[in-house]
Amino acid sequence: MRSLIHPLFVFVLVKSTVSSNSDLITAVTDLIHCLKFPVHVSVLSCWTEEEKLQFWKGIGGTTAVQFPIADQRKLPWNDRNQHQYLLVIDASCPRSKQLLRSAGQLLYYRVKWIVINQKKSNCGKFTKYFEELPVYISNEIYYVCEENGARGYTIKQVFRHSLATGLIDETFGYWNRGIIIKLQNSTSAAVRRRNLNHFKLRASIVITHNETLKHLEDYREKHVDTITKKNYFLTKYLIQDLNATIQFSFVNSWGYRNKETGKFSGMIGELQNNQADLGGTALFLTADRIKEIDYLSMTTPTRAKFIFRSPKLSFTDNVFLLPFSGTVWLCIISYIVLSAILLLTIMKVELRCTNVRYGNTDSRLNLMDTVLNMFGTSCQQGSYLEPKSLPAKCLILLSLIILMFLYASYSANIVALIQSPSNKIRTLEDLLNSRLETGAEDTVYNKYYFMHETEPVRRAIYEHKMKTRDGSGSKFITLDKGVEKVRRGLYAFHVELGVCYKLISETYQEDEKCGLQEIEYLNIIDPYYAVRKNSSFRELVRLSLFKLREFGIQGREHSMLYTRKPTCSGGSSFIPVSMVDVRPALTLLAWGFGIAGGLLVAETVWTRIRKRNIQLDLVSGAIFK
């Protein structure tokens, strides 16, 4: 039975008192039942055996109860189930204040508390007990006290916005003779305490261009620091929802770890050093940042990817082989060979059985001649062997008709393929092995991720395509230059999508918007809004951000600032033939010239050697005679 209960420890430091304090113990156990916590109780106290037995009976037999030694090391500092803990402490104990001070963030983050005082239970005096403690707004501290003129006990909660502000009381309910009258409609502190009463929050904003400060709210220059502008609006709406005020600070980077000091710079550095409460610019989620900040909500559904225009098909494939499938090519070759064999057979039979003669070719007619003849016919070059008999004429005529249709289909396909874009570059490996040049927008996060990437393919892209010979980062260029290079073609630019598409929509012709492709490099999820680690405002901010998304405010700001991928509505313009398109043909021609020249040289050398051998044979024969 014990294994079915989640561990929820109750740390209790109490003194032995008279039996009249048994009502206070009963009020605590009733409050635990009212809160509906599945608890595993640990009583850390100087109770008598009778009081321990009473507490155990009040909790219930289905819950395990332990009585370990009171020690601050017993607090759930690193337990993953901190949210299941309930700590009950008696303020009348000598070490109670010291224990609460040493609790630190456990007072206001995840862990729940019940505080009692068996000596001074007056509510007015009891509240002063918390004046020096960090009982921040996210805490779940219940204290049981007595109000003047009231029967039973009053159950209250106390919180403050910061150590510089005063304490605020909330009445949870009343206990009298085993009955709790609950006054709060919501048990969540983040829902009840949404009104911050103009408390000033601090937000850190990342500005990478100085001109951004002039256009934070006018929706101009939307392609510059777009993610900053969107989250700036969301932060202002968030502040309005919480009825707070805001103080912005501006930094020039999101923040990256210094390997020597281990500290972060930029916005994360301000959150880490308690100089800011909110990370006012969304940032990417990385393993080293999780330990320093709390990610709350995905506010900016945008990615940074490589964008490029699809190159011509001839850039990635040999268009001279694409018109026909492998089966068709095999059939064509087979037809040429079979036709050559049949033509050779017909001509041989004619030479033996008829009076038909083919001039000087009669004595040296062979298969190679007929194959070359049929190959020339298939290329619409005619036949150098003139057919003289009816069977040979029929064969040549049939071959011309069949190969004419193949030649027309082949030529038409070549023209169409030269105008077609290629879809062969789909992955980072394809991009690495392609002849596309690459570059990236000159931003802090682009430089950081490219330089610190360890995955082999991504690292190779940076080493071979991004880094120049002198090791400088000249491939990191401005947005305008990168978009213009993409327009010219054969260039992949790593940039934030919405920002790039805005400039593309304004500067490209309609036909130039066709064939845009994307390849993801960073391999990370969308940016998140963040706050200081274990911040007391964490839940309030998270719930407000969810409201902004559900009510459509986040989507509205996204549509106002980000541009979707432009649609291809203008068709494609005529693309002139370039050297890339005819390169396979020129390569074949060069190989043909080379082979022909090599054979010519070989034949010349062989002829000379043969003549010299004949002359030597004649000379040696004359000598022997």
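Analysis parameters
- Residues numbered from 1 in each chain as written.
- Predicted model: local features only at pLDDT ≥ 70, side-chain atom pairs only at ≥ 80, totals over all residues.
- Heavy atoms only, no water.
- Helix = DSSP H or I, 4+ residues; strand = E, 2+ residues; numbered from the N terminus.
- Buried < 20%, exposed > 50% of the residue type's maximum accessible area, 1.4 Å probe, protein only.
- Contact = heavy atoms within 4.5 Å.
- Areas by Shrake-Rupley, 256 points an atom, 1.4 Å probe, with all protein chains shown as cover.
- Disulfide = S-S within 2.5 Å.
- Pairing = 2+ DSSP bridges.
- Axes fitted to C-alpha atoms, helices over the stretch in contact; angles between N-to-C directions.
- 1 Å grid on protein atoms, 1.4 Å probe; cavity = no way out; pocket = protein on both sides within 12 Å on 5 of 7 lines; lining within 4 Å.
- Points joined across faces, edges and corners; volume = space filled by probe spheres on them.
- Nonpolar A, V, L, I, M, F, W, Y, C, P; charged D, E, K, R; others polar.
- pLDDT = per-residue confidence, 0-100.

1. Looking at the overall build of the protein chain
When you go through the protein chain residue by residue, the secondary structure sums to 20 helices and 18 strands. Taken over 625 residues, the protein chain has a buried fraction of 45%. Pairs at least 24 apart in sequence give 74% of the contacts found in the protein chain among residues at least 6 apart. Total accessible area on the protein chain stands at roughly 32,900 Å², and carbon and sulfur atoms take up 56% of it.

2. Examining the state of the cysteines
What we call a disulfide is simply a covalent bond connecting the sulfur atoms of a pair of cysteines. Taken as a whole, this structure holds 2 disulfides when the rule is applied. The disulfide partner of Cys123 is Cys145, and the S-S distance across this bridge is 2.0 Å. Between Cys123 and Cys145, the S-S torsion sits near 90°, and that sign places the bridge as right-handed. Taken together, the positions of Cys123 in helix H4 (residues 123–127) and Cys145 in strand S5 (residues 140–145) put the pair 22 residues apart, joining distant regions of the chain. Like Cys145, Cys123 is buried. Each sulfur of the disulfide joining Cys514 and Cys568 lies 1.7 Å from the other. Taking the torsion about the sulfur-sulfur bond, which here is approximately 80°, the covalent link between Cys514 and Cys568 counts as right-handed. Remark: Cys568 occurs in the loop between helix H19 (553–561) and helix H20 (579–624) and Cys514 occurs in the loop between helix H17 (497–507) and strand S17 (516–520); sequence separation between them is 54 residues. Described in terms of the sequence order of its bonded cysteines, the disulfide pattern of the protein chain is 1-2, 3-4.

3. Looking at the sheet that holds strand S14 (residues 437–441)
Sheet architecture is open: 5 strands sit in the order S15-S14-S16-S13-S17, paired in mixed fashion. The outermost strands of the open sheet, each flanked by one partner alone, are strand S15 (476–477) and S17. The sheet contact formed by strand S13 (residues 304–309) and strand S16 (residues 491–496) spans 4 bridges and is antiparallel. Across the sheet, residue Lys305 finds its bridge partner in S16, namely Val495. Strands in contact with H17 are S13, S16 and S17; relative to S16, the strand with the most contacts, it is inclined by about 120°.

4. Brief notes about the layout of surface pockets
Gaps left between atoms show up when a probe the size of a water molecule is rolled over them. Considering only enclosed or pocket space, the largest pocket measures out at about 840 Å³ in volume. Every residue lining the largest pocket is counted, 23 residues in all, and those nearest its centre are Phe320, Trp329, Phe375, Cys379 and Tyr410. Counting residues per element, the ones that place at least two in the lining of the largest pocket are helix H10 (326–353), helix H11 (367–378), helix H12 (390–418) and H20. Partitioned by chemical class, the residues of the lining of the largest pocket number 19 nonpolar, 4 polar and no charged.

5. Re the confidence of the model for the protein chain
Within the protein chain, residue pLDDT values average 83, and 88% of them lie at 70 or more. When the criterion is pLDDT under 50, residues 1–19 qualifies, and its contacts beyond four places in sequence or with other chains add up to 84 contacts.

6. Here's the deal with the sheet that holds strand S10 (residues 245–251)
The strand order across the open sheet formed by 5 strands is S10-S9-S11-S18-S12, and the pairing between neighbours is mixed. Of all the strands in the sheet, just S10 and strand S12 (293–297) have a single pairing partner and so form its edges. Going from strand to strand, the sheet's axes swing by 30° on average, the running direction of each strand aside. Across 4 bridges, S12 lies against strand S18 (residues 528–532) in antiparallel orientation. Following the sheet pairing, Ser297 is matched in S18 by Tyr529. The strands touched by helix H6 (residues 226–242) within the sheet are strand S9 (200–206), S10, strand S11 (278–283) and S18, with S11 carrying the most contacts at an inclination of about 145°.

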